[in-house]
Amino acid sequence: MNNVETAPKVKKETKNKIRVEFERTPLLERLKAKFVNLYFFQKVAVYIFKFLFLLGISFVILFPFYSKISSSFMSPEDFVDVTVVMIPRHATLSTYRAIIVDNNYWGAFTNTLLLSLACAILQTFICCLIAYGFAKFKFKFNGLLFMLVIFTMVVPHSTLQLSMYMKFRYFDIFGIFNLLGGGVTEAIKVLKEPNLNLLNTFWPLILLSITGLGFKNGLYIFMLRQYFKGVPDELEESAYLDGYGVFKTFMLIILPLSVPMLVTVFMFSFSWQWTDTFYTRAFFSQSGPTLMPSIVKVPRSLDTSYAGENMYVAAIRNTCGILILLPLVILYTFLQRYIIQGIERSGITG
Amino acid sequence: MSTKVKNSDLLGASAKKKKRSASLDVRKARAGWWFVLPFVIGFIILYLPIIFDSIKYSFHEIRIIRGGGYRLEWVGWNNYYNALFKDPGFVQTLVSGLKQLVLDVPAIVIFSLFVAILLNGKIAGRAAFRAIFFIPVLLTTGLAAEIDQQNILQQYQSAGGMDDGSGNSSVTEIVSVMDVQSLFSNMMVGKELVQYVVDLVNNIFNIINRSGVQMLIFLSGLQSISPAIYESCSIDGASGWETFWKITLPMVSPMILVNAIYTIIDSFTSSSNKVMEYINNVYQGATGDGKVLSSAMSWMYFLIVIAAIGLVAALLSAFVFYQRRD
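Analysis parameters
Sequence order as written defines residue numbering, which begins from 1 separately in each chain. The naming scheme follows written order: chains are lettered A onward, ligands numbered 1 onward. Restriction of local features to residues with pLDDT of at least 70 applies here, the model being predicted, together with a cutoff of 80 or more for giving and counting side-chain atom pairs; totals for whole chains, interfaces and linings are based on all residues. Under the scheme used here, helices are H or I runs from DSSP no shorter than 4 residues and strands are E runs no shorter than 2 residues, and both carry numbers assigned from the N terminus. Exposure criterion: with C-beta atoms placed from backbone coordinates, a residue whose C-beta has 20 or more other C-beta atoms within 10 Å is buried, one with 12 or fewer is exposed, and one in between is partly exposed. Here, residue contact means that the backbone-derived C-beta atoms of the two residues sit within 7 Å. Per residue, pLDDT captures the predictor's confidence, and it can take any value from 0 to 100. The axes are straight lines fitted to the C-alpha atoms, using for helices just the contacting stretch, and the angles between their N-to-C directions are given from 0 to 180°. Angles are sorted into four bins: roughly parallel if under 35 degrees, roughly antiparallel if over 145, roughly perpendicular if 65 to 115, and oblique for all others. For this classification, the nonpolar set comprises Ala, Val, Leu, Ile, Met, Phe, Trp, Tyr, Cys and Pro, the charged set comprises Asp, Glu, Lys and Arg, and every other residue, Gly included, is treated as polar. To estimate the expected span of a helix, count its residues, drop one, and scale the result by 1.5 Å. The arc in question is traced by the directions running from the helix axis to the C-beta atoms.

Caption draft 1: Examining the overall build of chain A more closely. Broken down by element type, chain A carries 17 helices and zero strands. Here chain A holds 350 residues, and the buried ones make up 35% of them. Considering only contacts within chain A whose residues lie at least 6 apart along the sequence, 78% involve residues at least 24 apart.

Structure below.
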């Protein structure tokens, strides 16, 4: 009984004592006690180390971009001048102008934009569908089919390079015609030949995207599946109770919920298609539409035969690279907020 | 008698219940099939024939007939024999590529885990750092990487001794081998280890480039660890070091397995891989029948990939810890 009564009293007393002690010690002493000790030093040191490390890595990442950008503005004289480092002395836009005019940059830009947008949108949506199916529904062969998805990720592209080329060069597999019906092929107007040549068109990539077999689609399906597994089942159940069907729930509840994740996948697939060389080389030849890889060359109007030729040509190639990457950088600055969010929300667990 | 009736009633009821729930399951299962239908169709119509053709071609020679069409000639194991014993560089490239892989995979996984932990913690400008760290995975692939590979400009310009993606600069190393050797010489570690560390530091750009997706996976793994666990740890007086080994590492160990496998797949299939480059060169350089050789080579390569992945998965899965979730 006594204890119970005295306990708060003691506490109050000590509290008061502490306050009195606190007020008696001068500010300098207090600061000393707080900041001049090993624990605080250690914390600060670790923080500084972390910050410097991240800063250093950021520098390693950003520096090549800077050096490329600066060299792209240099005029030919700057490459023979040893004293010109990092900052161009005779800044010029002639390299950019020559590439844009001579190498048909806008043509390549439009074609690549169309192709990448089509592929990215299709891949994002289709991968979402497939991943949602794997994550939320128990059906026979679920595990086996998912293993097949992983399998498509594991097989190297080069293994399939030849047979993909052959497939789309002589596109006449059984079933496709039966499935699509004659109307579709008539619309493409290729009935004169026994098989249709899909090379130099967007069809091979679109077909691969529609079926979730495009570039790294296995990875997207894997990521999205893990994400959908983290979405609570109650959400869908309440939607079912409200009379929504499975597809309606998916379109109206699940997709709006996972916008950051969708943007992440979209960004991946858009930029990987944008800078892709493998499929572009395999499915498009010189006579096909101009795409990004074909603008990487020295423009006709620039004279490169002088003392600094090697460096000048390298700088021109870099400038091509900058022009190719610029749209992606702009897109990334707009979308990175969503991507970071997507990372934070995708709680992947075992 | 009555109990029997009850029993049968119960049985009937449970059977009915089972039937109803089964039909719901069936309906849900059917919906699941609809969702994965695109993949199933694509796999059967496009992918399987492509795979099948690829295997078939590797046993054939292709002759393109003028005026459309092509003819296949059966040559048995000839292509494989040629790749292994007649081709000058294939086996050599394969062995050195595998060796490179053994060195790279742990480095990439550890680096990406390290960076993910740093990016997960509280630090000034965290959002900016995150945005910067995902630049390489988006921008330095495919075409851009190809331009970089053939780039000599950086060698002239990088006065500060930075390795910046040109990758072939002996002059511009961050660490010189001599410095590290003098550092390690008293520690009685092997010369190979010194070389390994030096290579890693000088390849830092390459490693950063290749660890973007892994970082993403680790970050989301770290996000899913409940903060309550860390809180209780710090109340119990555990240091950051102990917390890392006892909490963070076991909790992200499934991610380590995933990332190790992904890294292997990624570096096996990336076009900057030496073996892939070699196979691509064979493919690009050859006309008609030579292209089949590249097919045979990549199938052999693929079998080695599968073996490597199986080995790593078996080794790592012994250490993986799965949290029981209610």
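Caption draft 2: Focus on the confidence of the model for chain B. All names here are of chain B. Residues at a pLDDT of 70 or more form 73% of chain B, whose mean pLDDT is 74. By mean pLDDT, helix H7 (residues 153-157) is the weakest element of chain B at 47, and helix H12 (residues 227-235) is the strongest at 90. In the model, residues 155-172 has pLDDT below 50 throughout and makes 37 contacts with residues more than four positions away in sequence or in other chains. What the predictor reports for the complex is a pTM of 0.78 with an ipTM of 0.74.

Caption draft 3: Broad picture of the packing of helix H12 (residues 217-230) of chain A against helix H15 (residues 259-274) of chain A. All names here are of chain A. It is at 11 Å that the axes of H12 and H15 come closest, and there the two elements cross at 175°. Of the possible angle classes, the one that applies to H12 and H15 is roughly antiparallel. Here Tyr-220, Met-223, Leu-224 and Tyr-227 of H12 lie close against H15, whose contacting residues are Met-261, Val-265, Phe-268 and Ser-269.

Caption draft 4: The arrangement of unusual backbone geometry in detail. Residue and element names in this part refer to chain A. Even without being glycine, Asn-104 reaches a positive phi, approximately 55°. Relative to the assigned elements, Asn-104 resides in the loop between helix H5 (94-102) and helix H6 (105-136). Even without a glycine there, the phi angle at Phe-141 is positive, about 70°. Along the chain, Phe-141 turns up in the loop between H6 and helix H7 (142-154).

Caption draft 5: The interface of chain A and chain B, seen in detail. Facing the 82 residues of chain A at the interface are 82 residues of chain B. Breaking the side of chain A that touches chain B down by element, the ones donating at least two residues are helix H3 (38-72), H6, H7, helix H8 (157-169), helix H11 (203-210), H15 and helix H17 (309-345) of chain A. A per-element tally of the side of chain A that touches chain B places H17(A) first, with 16 residues. Partitioning the side of chain A that touches chain B into residue classes produces 51 nonpolar, 24 polar and seven charged.

Caption draft 6: Local environment of helix H14 (residues 246-257) of chain A. Residues and elements named next belong to chain A. The end-to-end C-alpha separation of H14 is 15 Å, in line with the 16 Å expected for twelve residues at 1.5 Å each. If you check which residues of H14 are buried, you get Val-246, Thr-249 and Phe-250. All buried residues of H14 lie within an arc of 95° about the axis, which places them on one face of the element. Opposite the buried face of H14, by more than 90 degrees, sit the exposed residues Met-251, Leu-252 and Pro-256.

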